[in-house]
Amino acid sequence: AFGEGLVVAEGERWRRQRKLMQPLFSPLAVRRFFPVMREAATQMCDRWEAHCRGGEVFDVAKEMEHITLQIAGRTLFHDGFDHQSEKIGQWTHTINRYSARPPTPISGKLWFPSPINLRLKRTLREFHAFLHEMIVSRRGGKQHDDLLSILLAARHEETGQPMTDEEIAEEVLGMIIGGHETSSAALTWIWYELHRHPDVLSNLSDEIGNVIGD
């Protein structure tokens, strides 16, 4: 599902791709992401307050998926994916279901026409069409200080050739999924565990008050 992107690459290819992306993940670069994270969290809190005042039930897992995708999109690709968040969530779910299956000799191969394989192939076609549209749009438009611009400007050390759109799409796909799905799952469980341990929740609340005030 991830092709030969950094998520699954090994050896020399992994070292090359990791080196290309390293500037975006330095401590100084990550510090620049804080305002985006703060803004997304504040918007989420405003939504939650409205829900709570109205006595409305809402799905915390979906809220965590939304905020982590929004942050990953804005920091890595200068796009919060607000209009595509539902689609990306569906694509991510399909890829995760496929990736979690046992590696069976025949049915695990993508060419085998099982329901999950057919669904994955359709998902990858849609996902890559979305990614290619984003790449083409960026090539002819304004550059930003983000991962996508770094990938577009990258050159292979030996040949001096730029990365192909397919190579860039594989890296972008891995970063979109790796950048939000794992974090949203962890954050969802944190809410659950805090609810089960009120003493820890109380300590956390005190720390927040002491550090940032009201």
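Scope of this entry: the structure provided in the associated data block.

## Details of the packing of helix α1 (residues 11–21) against helix α8 (residues 165–196)
Packed helices, taken two at a time, are described by the angle between their axes plus the distance between the axes.
Then, in step 1: Axis separation between α1 and α8 bottoms out at 13 Å; the angle between their running directions is 75°. Judged by the angle between their axes, α1 and α8 are roughly perpendicular. Across the interface between the two elements, Arg-13, Arg-16, Gln-17 and Met-21 of α1 pack against Glu-167, Glu-170, Glu-171 and Met-175 of α8.

## Observations concerning helix α9 (residues 198–212)
Then, in step 1: A rise of 1.5 Å per residue sets the reference length of α9, with its 15 residues, at 21 Å; its end C-alpha atoms lie 21 Å apart and thus fit the reference within 8%.
Then, in step 2: Two residues or fewer after α9 comes Gly-213, characterised by a positive phi angle close to 75°.

## Observations regarding the side chain of Arg-13
Then, in step 1: Here Arg-13 lies in helix α1.
Then, in step 2: For Arg-13, a relative accessible area of 19% corresponds to the buried category.
Then, in step 3: Discounting chain neighbours no more than four positions away, the residues touching Arg-13 are Glu-4, Glu-167 and Glu-170.

## Focus on the environment of Trp-14
Then, in step 1: One can find Trp-14 in helix α1.
Then, in step 2: A relative accessible area of 36% places Trp-14 in the partly exposed class.
Then, in step 3: With 118 residues separating them in the primary sequence, Trp-14 and His-132 have C-alpha atoms 22 Å apart.
Then, in step 4: Residues contacting Trp-14, with those up to four places away along its chain left out, are Leu-6 and Ala-9.

## Topic: the side chain of Thr-94
Then, in step 1: Note that Thr-94 resides in helix α5 (residues 85–99).
Then, in step 2: A relative accessible area of 2% places Thr-94 in the buried class.
Then, in step 3: With residues near it in sequence (within four places) discarded, Thr-94 still touches Ile-116, Arg-119, Leu-120 and Thr-123.

## Section: unusual backbone geometry
Then, in step 1: Even without being glycine, His-78 reaches a positive phi, approximately 60°.
Then, in step 2: With respect to the element layout, His-78 can be found in the loop between α4 (60–77) and α5.

## A closer look at the packing of aromatic side chains
Then, in step 1: For the structure on display, the rule yields nine aromatic pairs.
Then, in step 2: Between Trp-48 and Trp-191, the aromatic rings sit 5.2 Å apart at their centres with planes inclined by 55°, giving tilted as the arrangement. With Trp-48 in helix α3 (residues 34–53) and Trp-191 in helix α8, the pair connects residues that are 143 residues apart, well separated along the chain.
Then, in step 3: Given a relative accessible area of 13%, Trp-48 falls into the buried group.
Then, in step 4: A residue is classified by how much of its surface remains accessible, and Trp-191, at 38% relative accessible area, is partly exposed.
Then, in step 5: Plain terms: the ring middles of Trp-91 and Phe-130 are 5.9 Å apart, the flat faces sit at 45° to each other, and that makes the pair tilted. Taken together, the positions of Trp-91 in helix α5 and Phe-130 in helix α6 (residues 115–139) put the pair 39 residues apart, joining distant regions of the chain. Here Trp-91 and Phe-130 have matching classes, each one buried.
Then, in step 6: Every member of this aromatic cluster is reached through a ring pair, and the members are Phe-77, Phe-81, Trp-91, Phe-127 and Phe-130.

## Details of the environment of Asp-79
Then, in step 1: Of note, Asp-79 is situated in the loop between α4 and α5.
Then, in step 2: Sequence separation between Asp-79 and Met-134 is 55 residues, and the spatial gap between their C-alpha atoms is 9.8 Å.
Then, in step 3: Ignoring any residue separated from it by four or fewer positions in sequence, one finds Asp-79 in contact with Gly-73 and Arg-74.

The rules behind each value
Each chain has its residues counted from 1, following the order in which its sequence is written. Only residues with pLDDT of 70 or above have their local features reported here, since the model is predicted, and side-chain atom pairs are shown and tallied only from 80 upward, although totals for entire chains, interfaces and linings are computed over all residues. For the side-chain quantities, the full set of heavy atoms in the structure was used; hydrogens and water were omitted. Here the axes come from fitting lines to C-alpha atoms, over the contacting stretch only for helices, and the angles between their N-to-C directions go from 0 to 180 degrees. Where helices and strands are cited, they refer to DSSP runs of H or I of at least four residues and of E of at least two residues respectively, numbered from the N terminus. Should an angle fall under 35 degrees it is called roughly parallel, over 145 degrees roughly antiparallel, and 65 to 115 degrees roughly perpendicular, with every other angle called oblique. Contacts are assigned to residue pairs that have any heavy atoms within 4.5 Å of one another. To estimate how far a helix should extend, the number of its residues minus one is multiplied by 1.5 Å. For the exposure calls, accessible area comes from a 1.4 Å probe over protein chains only, and a residue counts as buried if that area is under 20% of its type's maximum, exposed if over 50%, partly exposed in between. What counts as a ring pair is set by centres within 6.5 Å for rings of Phe, Tyr and Trp (its six-membered ring), and what kind of pair is set by the plane angle: stacked under 30 degrees, edge-to-face over 60, tilted for all other angles.

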